[in-house]
Each structure stands twice: as C-alpha cells, then as structure tokens.
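The chain contents come next:
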Amino acid sequence: MQGQTNIHTSINIRMYGPGAMLALCLPCFLSGNVFGYEYGEDYSDSYYNEISNGERLQTGATQIPCPPQDLSRWDKLFIMLEDYQMKQDMLLQQNEDMVKAEMDSIRRELHKHNNNNVCVQASENTCKCISEHMNRNLNQAMDQLREAADMYQAHNNETLQQLIQYSRNQATHLTMAMKSFSTYPKEQEASNADGGKLERALMATVADLQRVHAQLALFQRATAHRFLPSGCEMALLFPMRSKHIFVEVTPSMSMSLQSFTICLWAKVTQSLNKTVLFSYGTKKNPQELQLLLARNSLLLTVGGETHLVEAHSVVTDGQWGHFCAAWSSEQGLATLWVNGENAAKVPGVAEGHVLPGNGFILLGQERSRSGIYRDMDSSVAFTGKMTGVNMWNHMLDAGRIKEYADQDGYCDSRGNVIGWGVSEIIPHGGAQYIN
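Residues numbered from 1 in each chain as written. Predicted model: local features only at pLDDT ≥ 70, side-chain atom pairs only at ≥ 80, totals over all residues. Heavy atoms only, no water.

Description of unusual backbone geometry
At step 1: Non-glycine residue S313 carries a positive phi angle of around 55°.
At step 2: Along the chain, S313 falls in the loop between β7 (308–311) and β8 (321–328).
At step 3: Judged by its relative accessible area of 61%, S313 is exposed.
At step 4: A positive phi angle is found at Q331, which is not glycine, with a value near 65°.
At step 5: Tracing the chain through its elements places Q331 in the loop between β8 and β9 (334–338). (Helix = DSSP H or I, 4+ residues; strand = E, 2+ residues; numbered from the N terminus. Buried < 20%, exposed > 50% of the residue type's maximum accessible area, 1.4 Å probe, protein only.)

Digging into the nonpolar core
At step 1: In this structure, F260, L277, F278, L289, L363 and M391 are the most contacted members of the largest nonpolar core, which totals 47 residues.
At step 2: At five residues, strand β3 (residues 259–268) tops the list of elements feeding residues into this core.
At step 3: Apart from the residues lying within four places of it in its own chain, the contact partners of F278 are I262, L289, Q290, L291, I361, L362, L363, M391 and I418.
At step 4: Listed in part, the seven residues of the second largest apolar core include C324, W337, W392 and Y404. (Core = buried A, V, L, I, M, F, W, Y, C linked by side-chain atoms within 4.5 Å. Contact = heavy atoms within 4.5 Å.)

A few points about the sheet that holds strand β13 (residues 424–428)
Two modes of strand pairing occur in sheets, parallel and antiparallel, and in both the strands are linked by backbone hydrogen bonds.
At step 1: Read from one edge to the other, the open sheet built from seven strands follows the order β7-β6-β5-β4-β11-β2-β13, with strand pairing classed as antiparallel. Each having just a single partner strand, β7 and β13 make up the two edges of the open sheet. Neighbour-to-neighbour, the strand axes of this sheet turn through a mean angle of 20°, independent of strand direction.
At step 2: The pairing of strand β4 (residues 275–281) with strand β5 (residues 289–294) spans five bridges and is classified as antiparallel. Considered in β5, the bridge of T275 is made with L293. (Pairing = 2+ DSSP bridges. Axes fitted to C-alpha atoms, helices over the stretch in contact; angles between N-to-C directions.)

Describing the sheet that holds β9
At step 1: Within the open sheet, the seven strands sit side by side as β10-β9-β8-β3-β12-β1-β14. Their pairing is antiparallel. On the outer flanks of this sheet lie β10 (341–346) and β14 (432–434), each paired with one strand and no other. Mean inter-strand twist for the sheet, computed between neighbouring axes without regard to direction, equals 25°.
At step 2: Pairing of strand β1 (residues 235–238) with strand β12 (residues 384–392), which is carried by three bridges, proceeds in the antiparallel orientation. Opposite L236, over in β12, you have M386 as the bridge partner.
At step 3: Taken strand by strand, helix α6 (residues 398–405) contacts β3, β8, β9 and β12, and its axis lies near 155° from that of β8.

Side note on the pattern of salt bridges
At step 1: Per the stated rule, a full pass over the model turns up three salt bridges.
At step 2: We note a salt bridge from R107 to D104, for which the minimum N-O separation is 2.9 Å. Of this pair, R107 and D104 both sit in helix α3 (residues 68–183), separated by three residues, roughly a single helical turn.
At step 3: For D104, a relative accessible area of 35% corresponds to the partly exposed category.
At step 4: Between R211 and D208 there is a salt bridge; the shortest N-O distance is 2.0 Å. Of the two residues, R211 and D208 are both situated in helix α5 (residues 192–226); the distance of three residues between them amounts to about one turn of the helix.
At step 5: In this structure D208 comes out as buried when scored by relative accessible area, which is 17%. (Salt bridge = Lys/Arg side-chain N within 4 Å of Asp/Glu carboxyl O.)

Details of α6
At step 1: Here α6 has its buried residues at I401, Y404 and A405. Down the axis of α6, the smallest arc covering the buried residues is 105°, so these residues share one side. (Arc of directions from axis to C-beta.)

Overview of the environment of G348
At step 1: Topologically, G348 is positioned in the loop between β10 and β11 (360–363).
At step 2: Judged by its relative accessible area of 45%, G348 is partly exposed.
At step 3: Here the alpha-carbon distance between G348 and S329, two residues 19 residues apart in the chain, equals 8.8 Å.
At step 4: Setting aside its immediate chain neighbours within four residues, G348 contacts Q331, G332 and L333.

A short note on the side chain of S242
At step 1: Following the sequence through the fold, S242 ends up in the loop between β1 and β2 (246–250).
At step 2: Since its relative accessible area comes to 14%, S242 is described here as buried.
At step 3: A distance of 3.1 Å separates the side chain of S242 from the backbone nitrogen of H244, its partner in a polar contact.
At step 4: Residues within four places of S242 in sequence aside, it is in contact with Q365, S378 and A381. (Polar contact = N/O pair within 3.5 Å; in protein donor to acceptor, adjacent residues only side chain to side chain.)

Some details on a nonpolar patch on the surface
At step 1: Residues V99, M103, I106 and L110 make up a contiguous nonpolar surface patch of about 380 Å² in total accessible area.
At step 2: Within the fold, M103 resides in helix α3.
At step 3: Taking relative accessible area as the criterion, M103 reaches 41% and is therefore assigned partly exposed. (Patch = residues over 30% accessible without salt bridge, like charges linked within 9 Å, V, L, I, M, F, W, Y side chains within 5 Å. Areas by Shrake-Rupley, 256 points an atom, 1.4 Å probe, with all protein chains shown as cover.)

Regarding the pairing of β10
At step 1: Pairing geometry for β9 and β10, over five bridges, is antiparallel. Counterpart to V338 in the pairing with β10 is E341.
At step 2: Hairpin remark: β9 followed by β10, antiparallel, with two residues in the connecting loop; positive phi at N339, about 55°.

Below, the structure written as structure tokens:
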C-alpha cells in the first residue's frame, strides 16, 4: 500500500507539480511563516541589533526590515515557475504549429489529387466527345461521297444511253438515205439540185457520226479510269506509299507448287524502279516469288532475283490493267500476259524448282529479311487500286487468260489456291476495301 501511495504521489507531483507548489507556498508567504519561522524561531531582533533607539529617533523615519535572503528564495521560486510555464506554453505552441502544418500539407495533397482526378475525367470526356464528333462527320462525308458517286454514275449511264440512241438514229437515217440513193439513181441524176442537197445531208450525217464515236471513246476512257472492271464489286485501295500499308493473304491450299498462274487487275498511281504487286516469301528466302512493276515494265521472279522474266512498255500509270504470270517447273517455262496478250515468254526459269510451303503472301509489299513488319521498305510499296486477285496451281492456257482479261464478268472466276472474294485477304495499316 505504501508503494502504491508513493507512485500515485509521484504521478500527482509530475502532473500538478507547479500548481501544487504554488498552492503550498502562497499560504506560507501570506502568514509570514516560511521555512524556519514555523518552528517558532524569531529573527526580528537581528535586523535591529546594529541600530539604536536614539538613531531611529534621529532619522525621523521608520524603516521596515527586508530580509534579503528570504526575498531571494521567493524570487527564484517564482522565476522557476514562470520559466517552467513558459517552456510548457512554448512546447504546446510548437506542437500545435506542427500539427497545423501537417494538416495543411495533407489538405493540399488531397486538393491536388482531387484536381488531378477532375482533370483526367474532363480530358477523357473531351476526347470521347471529339471522337464521337469526328466519327459522325466521317460517316456523313462517306454518305455524301457515295451519293455523289451514284449520281455521277447514273448521269454517265444516261449520257451513254443517249449517245447510243443518237448513234442508232443517225445510222438508220444513213441507211435509208443510201437505199433511197441506190433505188432512184436516174431521178437523182435528173435533179442536180436535189442530189446536191442529199450529198450535203449525207456529209453532215457522217460528221455527226464521227463526233458521236469520238464522244463514246472519250466516255469509255473516262469510265475505265474511274470505275472498277465489270463484275468486280470491290477493290483494295492502297492510299499511299508506306511500309505499314499492305495486304496479307491466306491461301486455300499449300504453296508447295511446281506450277502456278497468278492473275489480277491493278491501277497503279505511280510505278517506281521496283513496285510490288504480289510477293511470296519464306524465312529462308523472303523474295521466293514476286510479280513486280518497274516503271512501265512487268517482271516475274521465281526462286530469287536471278530467275527473272520481264515485259517492257506494258504498264501505264493511272489506268486499269490486267496482269498475269504463269510458270512451270518442267523446262522452267515462264510467261507474262498484259490485257490478255502474251507480253513475254522465257524457258529455263528456275527449271526443276519447287516452291517451298509455309510462307507468307503479301499484296503491295514484300517481306523483310528480318521477318519483322516494321523493317519493311516503303520504297517498294504499291500505291493505287487492286482487285480480282486469283491464283491457280497450274498454268492456264491462252484462251482462258484472254477470257479473264475481258472486263465483263471476270470476278466471277476464282482460282483454287487464291480465290477473290473467297480466300482470306486482310488489309493492314491504311489499306482498305472500296466499292
């Protein structure tokens, strides 16, 4: 019990030490009993032991004794209490300042975090709105473009029908005039005036027919430049020359072949020294098989660039052309066909060679040596339009190739290795299907 009492006393002294000492000291100070005074000791005479009564009467004033020793102790006590109180106030103020600083820092961090979240959300909403707006504008532009193309095609068809009808009417008038002239030769000879009128009418009719034929030829050339070959409802568009723009083809059977025929329609925007139409490559030989354009020439390579077939002056930029390449391992016979006509025929090209399987077919680009798409060469990329890509596992005869070169209904025929509209043909980058 005594130990617990001492502990509690110690705790109370620590907690309430300054206040307790002040409470104990003040009554003693007010009662005049401090330290030795409470034991009944009286030191009042010591203050007057050197001053006589006569001297006090001579001074004419009463002096109050001031014990300097007792006043010095109280001063020290109060100074100590004041110093302790000031230190305690300073510590409390310092702690409050530290807490306020930490709270302000936390408040600023929270405010900054909230502002960041608000900014991120606002940015996401803005980007989403811009994307939706651009998609709407793009769809509207595409719809307007389709409507304009349909109106232009309808107008051209109407003009063509009118020209054809006018040509038929003029041909009918000419035939009737010729029959009339042959039936009545004597009457025409007798009437020179009427004969002169008939001759002038015939000359005018011939001139009209010549103008109609010229307009028809011009219209056919314009139509050939603008529209796809008849029977092909869609084409591949390569909008620019880029290493990222190409088309990947998955064949319907193995490419391990001893003979083949490749046919396609193409309209090149600009042909450079090497522009790739069709390329087949493997890891060992990325340029195993290629059908290329070189300025106005058409080239075929089989098994590498050393085995080359070339047809000169057969390509025109900006015009549709039908290109075919055929090869057989037996005797190495290789042929090139342009618009249904044989443009080159060379024997001994990769004779006895067999195309390896498990390769990659690309349209408009060739496989890089590293096999990585980003290492492709943009200078060999095709730019323009391409349609009706077909491949057979044998050499087609001349009659079939001429038939496929006809623009009417070509896309209805499909190869057994690659069939246009049947095989998997996937555009990459900016390449896309158009109609």
